[in-house]
Amino acid sequence: MIKLTNTLGMQKELLVPVKESKIGMYVCGVTVYDLCHLGHARTFVAFDMIVRYLRFRGYDVTFVRNITDIDDKIIQRARDTGEDWRSLTERMVHEMHIDFAKLGILPPNIEPRPTEHIPQIISMIERLLHRQFAYIAENGDVMFSTASAKGYGKLSGQDITMLRAGTRIEVNEYKRDPLDFVLWKRAKPGEPVWPSPWGEGRPGWHIECSAMNCHYLGTHFDIHGGGSDLIFPHHENEIAQSTSANDGPYVNYWLHTGMVTVNKEKMSKSLNNFFTLRDILNRFDAQSVRFFLLSAHYRKPLNYSEENIHLARASLTRLYTACQFADGSRSEQHDAWRARFCEAMDDDFNTPQALAILFELTREINRLCGTNDDEAAALATTLKDLGNVLGLLEQSADAFLKNRSDLHPAELQLIEKLIHQRSEARRMGKWDKADRLRNELAEQGIDLEDVGENTSWRIR
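Residues numbered from 1 in each chain as written. Predicted model: local features only at pLDDT ≥ 70, side-chain atom pairs only at ≥ 80, totals over all residues. Heavy atoms only, no water.

## Some thoughts on the overall build of the protein
At step 1: Secondary structure assignment for the protein yields 16 helices and 15 strands.
At step 2: Within the protein, contacts between residues separated by at least 24 positions form 74% of all contacts whose residues are at least 6 apart in sequence.
At step 3: For the protein, the exposed area adds up to about 21,300 Å²; of that, 48% sits on carbon and sulfur atoms. (Helix = DSSP H or I, 4+ residues; strand = E, 2+ residues; numbered from the N terminus. Contact = heavy atoms within 4.5 Å. Areas by Shrake-Rupley, 256 points an atom, 1.4 Å probe, with all protein chains shown as cover.)

What follows is the structure, given as structure tokens:
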């Protein structure tokens, strides 16, 4: 029985799907005007983990993750670079897919874009106008009236009276209320435009998600997610739009990921601590980055530092070292370990606790090596299977531990030769020679680990 923390109410709730055994899930995706950054990686690895686990538990998940391919930032970046906005977005989508694939983020079932759903967006705006939740401002923009929406502010827990008092009205003199937001922007010279009943223009940011998730998942679906920075105003505005345009409930569970800090400071270009995901993946292996991103609970803040990535690599090395004994057999203890893993993950996708169980299983595998190698191999298979649920341990242990792609064939041959000579020396009780060979390998940056009569190695 899976429990998850619903941002709407901030309580753990039992997952009860709208349709039995099926989950409809929408996550707000990237605005593609630049390369993805570390915050994107944190959010989309977390929701990839959630989708993987729900499917592992037998749910039929329809996962929708949008791409915002038109907004002010995209238009401005295209102007700055002299690039056509369509070319810019296509290039950035391509780069995003490369980075996500390296991190093991599976593609969503559906990846919609607002420019491909203008009719659905216009239809929702028309309903809001008809129901008098929206109005056409004097400048030609179509605005949503927040004062007309019931319960506005309930997701974020904002005091709307205080928000309204603190908002600068002069920001948009055409608003009836300072908290009103744009649904359709009237065309400006040189901007991309689409025809509409209110003249040429383009959709506002908030309306795209409401129109697309209702189109693909229905007006009432299970899970909506994103980074915690989207709670207000984006997700608050989505609730207002969708519940005003449609009758009945909208989303059952709102899930949000915690923010990323860098060396315990907020990530910001002004602080010169802003990292693109590409920067990080060029310096560290993707599996270690993914492990780091899953090492904290998805709702909690996560602090990035080089030291923490190195610690993630060391931790992952322990797991892969045990995985190399996996032979595909099934231990009688498999169901017991699986049940403990599921108990942790059923509790709001508690990856730190799930990883702790995998390390406990690793210690059991190491204890059995040399005394019960068959059981150790079977439990190593369990370890790999459970790691795969989190998108970890998907490489071969040999490839991960030895970084074979970094070695010249002659170097690899020499390392294997020295390890074989050391194993022979150990077998014959020539411990001085065995120690000398270990030290020789260590000087070359090769670490050895003996488990019973077996020796594994890895590049330090």
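## Observations regarding empty space enclosed by the protein
At step 1: Tallying each qualifying case throughout the model produces one cavity of 30 Å³ or more.
At step 2: What the largest cavity holds in volume is close to 30 Å³.
At step 3: If you trace the largest cavity, you find it lined by Lys-150, Gly-151, Tyr-152, Gly-153, Lys-154, Glu-236, Ile-239 and Ala-240. (1 Å grid on protein atoms, 1.4 Å probe; cavity = no way out; pocket = protein on both sides within 12 Å on 5 of 7 lines; lining within 4 Å. Points joined across faces, edges and corners; volume = space filled by probe spheres on them.)

## A word on the state of the cysteines
At step 1: One pass over the structure, following the stated rule, counts zero disulfides.
At step 2: Between Cys-36, a free cysteine, and Cys-28, which holds the nearest cysteine sulfur, the sulfur-to-sulfur gap is 14 Å.
At step 3: The exposure class of Cys-36 is buried, given its relative accessible area of 3%.
At step 4: No disulfide involves Cys-209; its nearest neighbouring cysteine sulfur is the one of Cys-28, lying 3.8 Å away.
At step 5: Taking the relative accessible area as the measure of exposure, Cys-209 reaches 1% and is therefore buried. (Disulfide = S-S within 2.5 Å. Buried < 20%, exposed > 50% of the residue type's maximum accessible area, 1.4 Å probe, protein only.)

## Side note on the nonpolar core
If you look at soluble globular proteins, the nonpolar side chains tend to sit buried side by side.
At step 1: Leu-54, Leu-103, Phe-349 and Ile-365 are the most contacted members of the largest nonpolar core, which has 129 residues in total.
At step 2: At eleven residues, helix 1 (residues 38–56) tops the list of elements feeding residues into this core.
At step 3: Built from parts of two domains, this core gets at least three residues from each of domain 1 (14–135 + 146–154 + 201–260) and domain 2 (305–398).
At step 4: Non-local contacts of Leu-54, meaning those with residues more than four positions away in its chain, are made with Ile-2, Leu-15, Ile-23, Tyr-59, Val-61, Ile-223 and Phe-349.
At step 5: With nine residues, the next largest nonpolar core counts Leu-418, Ile-419, Leu-441 and Ile-446 among its residues. (Core = buried A, V, L, I, M, F, W, Y, C linked by side-chain atoms within 4.5 Å. Domains from an automatic or database assignment.)

## Some thoughts on helix 11 (residues 334–346)
At step 1: In this model helix 11 runs 18 Å from its N-terminal to its C-terminal C-alpha over 13 residues, within 8% of the 18 Å that 1.5 Å per residue would give.
At step 2: Considered for burial, the residues of helix 11 that qualify are His-334, Trp-337, Phe-341, Cys-342, Ala-344, Met-345 and Asp-346.
At step 3: Buried-residue contacts for helix 11 involve strand 1 (3–6), helix 1, helix 12 (351–368) and helix 13 (373–389).
At step 4: Note on helix 11: the residue one or two positions beyond its end, Asp-348, has a positive phi of about 60°. (Expected span 1.5 Å × (residues − 1).)

## Some words on the packing of aromatic side chains
At step 1: All chains considered together, the criterion is met by 13 aromatic pairs.
At step 2: Residues Phe-291 and Phe-359 carry aromatic rings whose centres are separated by 6.3 Å and whose planes lie at 80° to one another, so their mutual orientation is edge-to-face. In this pair, Phe-291 is assigned in helix 9 (residues 286–294) and Phe-359 in helix 12, connecting sequence segments 68 residues apart.
At step 3: On the accessibility criterion, Phe-291 (5% relative accessible area) is buried.
At step 4: Positioned above the aromatic ring of Phe-44 is the side chain of Arg-65, whose terminal nitrogen or guanidinium carbon lies 5.8 Å from the ring centre.
At step 5: If you follow Arg-176 out to its NZ or CZ, it ends over the ring of Tyr-135, 3.9 Å from the centre. (Phe/Tyr/Trp six-rings, centres within 6.5 Å; stacked < 30°, edge-to-face > 60°. Lys NZ or Arg CZ within 6 Å of the ring centre and 35° of its normal.)

Take it as geometry only, folks, not as evidence of what the structure does.
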